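# Architecture and fold: a report
Residues per chain are reported as follows:
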Amino acid sequence: MKMDDFRLDGRVALVTGGSYGIGFAIATALAEAGAKIVFNDRKPELIEKSVAEYKKLGIEAHGYICDVTDEDAVKEFIAKVEKEVGTVDILVNNAGIIKRIPMIEMSAADFRQVVDIDLNGPFIMAKAVIPGMIKKGHGKIINICSMMSELGRETVSAYAAAKGGLKMLTKNIASEYGQYNIQCNGIGPGYIATPQTAPLRERQADGSRHPFDSFIVAKTPAERWGTPEDLQGPAVFLASDASNFVNGHILYVDGGILAYIGKQPQ
Ligand code: NAP
Ligand code: GCO
């Protein structure tokens, strides 16, 4: 093995929802390893703001407006990227939402929206980039799964169903396209401090920690929330030649939560 196996020079990496949070952190790491960065989001103002944020880090990111659930828009998006930047070598299916509603109070429309973005979106994106990867003779797809690909909890039925499905979509893409030297793996982040989990970490009126915040810290051997930066090394590994024989694997980056019964309440 050579350390250059972890380099991504000359590769085009597309990170969906790469304007902030986990997607932005992963994109900056892939850029650090040499990749050209493409990202998309739904809001024009976000694209502009994020291109400037990438530029502050010395990264010439290519930002496009595209909703991952809109198949026609995605086809157009990928055609534009192939023309303006190059064929996508690395796809990170990061874009995702969560709605925290008790299941019997959740509307079917809300359930469908979460599954549409968190599961149909990655399918649509992967379907759009795989033909180019086959032509090039290689490709890397990294699906951002979740602890909820393995575990359930109150109020996240749609999200858990979608992320459980995304785990199996990852394994199926690996099975169907491994013969073309395309590796499809997942990253399963633990509880990461981003806007998506901000409501779970809000200080209480009396200034005390949110009960869920304390719960997660007690459930994590590392005794802390993860940061988007904790996901950067695993993402570079799965995007690089160093992982060419890793396929259909979900790499949990969770500080050990999945391995641990949790600290006994004092
Ligand atoms: P976040 O801060 O909410 O960011 C999500 C990103 O996805 C935003 O840029 C968002 O842009 C974009 N997005 C949402 N729907 C989209 C759509 N239909 N088309 C295109 N872009 C869309 O979330 P995060 O915490 O960084 O999480 C990123 C991924 O990691 C998600 O898949 C999430 O499920 C997963 N994850 C998060 C954690 C965690 O603890 N934070 C743990 C495990 C897994 P808009 O502003 O347009 O919505
Ligand atoms: C929640 C959280 C989690 C995290 C993540 C954990 O409400 O339980 O949002 O779902 O986002 O998916 O891996």
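Relevant structure appears above.
How each quantity is defined
Counting of residues starts from 1 at the beginning of each chain's written sequence and follows it residue by residue. All chains are assigned letters beginning at A, and all ligands numbers beginning at 1, according to the order in which they are written. Local features are withheld for residues below a pLDDT of 70 in this predicted model, meaning they are given only at 70 or higher, and side-chain atom pairs are given and counted only at 80 or more; totals for whole chains, interfaces and linings count all residues. Excluding hydrogens and water, the side-chain values take into account all heavy atoms of the structure. Only protein atoms enter the calculation, which uses a 1 Å grid: trapped sets of points that fit a 1.4 Å probe without letting it out are cavities, open sets showing protein on both sides within 12 Å along at least five of seven lines are pockets, and any residue with an atom within 4 Å of a point is a lining residue. Grid points are joined across faces, edges and corners, and a volume is the space filled by probe spheres set on the points. Think of it this way: any DSSP run of H or I at least four residues long counts as a helix, any run of E at least two long counts as a strand, and we number them from the N terminus. Amino acid classes used here: Ala, Val, Leu, Ile, Met, Phe, Trp, Tyr, Cys and Pro are nonpolar; Asp, Glu, Lys and Arg are charged; the rest, including Gly, are polar. We treat two strands as partners when DSSP finds at least two bridges between them. By convention a crossover is right-handed if, when the strands point away from the viewer, the path from the first strand over the helix to the second runs clockwise. Between the N-to-C directions of two axes lies an angle of 0 to 180 degrees, each axis being a line fitted to C-alpha atoms and, for a helix, fitted only over the stretch in contact. Note on contacts: a residue pair qualifies if any of its non-hydrogen atoms lie within 4.5 Å across the two residues.

### A word on the layout of surface pockets
A volume near 800 Å³ is recorded for the largest pocket. Along the wall of the largest pocket there are 39 residues; nearest its centre are Asn94, Ala95, Gly96, Ile97 and Gln196. Taken together, the elements giving at least two residues each to the lining of the largest pocket come down to helix H1 (21–32), strand S2 (36–41), helix H4 (108–136) and helix H5 (157–177). Element by element, the count of residues in the lining of the largest pocket is highest for H1, at three residues. Residue composition of the lining of the largest pocket, by class: 20 nonpolar, 11 polar and eight charged.

### Things to note about the pairing of strand S3 (residues 62–65)
For S2 and S3, the ladder comprises four bridges, and the chain directions are parallel. Following the sheet pairing, Val38 is matched in S3 by His62. Considered for its hand, the β-α-β crossover made up of S2, helix H2 (residues 44–56) and S3 is right-handed.

### Some words on the sheet that holds strand S1 (residues 12–16)
One open sheet holds the seven strands; their spatial order is S3-S2-S1-S4-S5-S6-S7, and the pairing between them is parallel. Across the chains shown, the open sheet's two edge strands, defined by having one partner strand only, are S3 and strand S7 (250–253). Between one strand axis and the next, the sheet turns through 20° on average, direction left out of account. By the bridge criterion, four bridges tie strand S6 (residues 182–189) to S7 in an arrangement that is parallel. When the bridges of S7 are listed, Gly188 appears paired with Tyr252. Docked against the sheet, H2 engages S2 and S3, running at close to 155° with respect to S2. Each of strand S5 (139–144), S6 and S7 is contacted by H5, which is oriented at about 160° to S6, the strand it contacts most.

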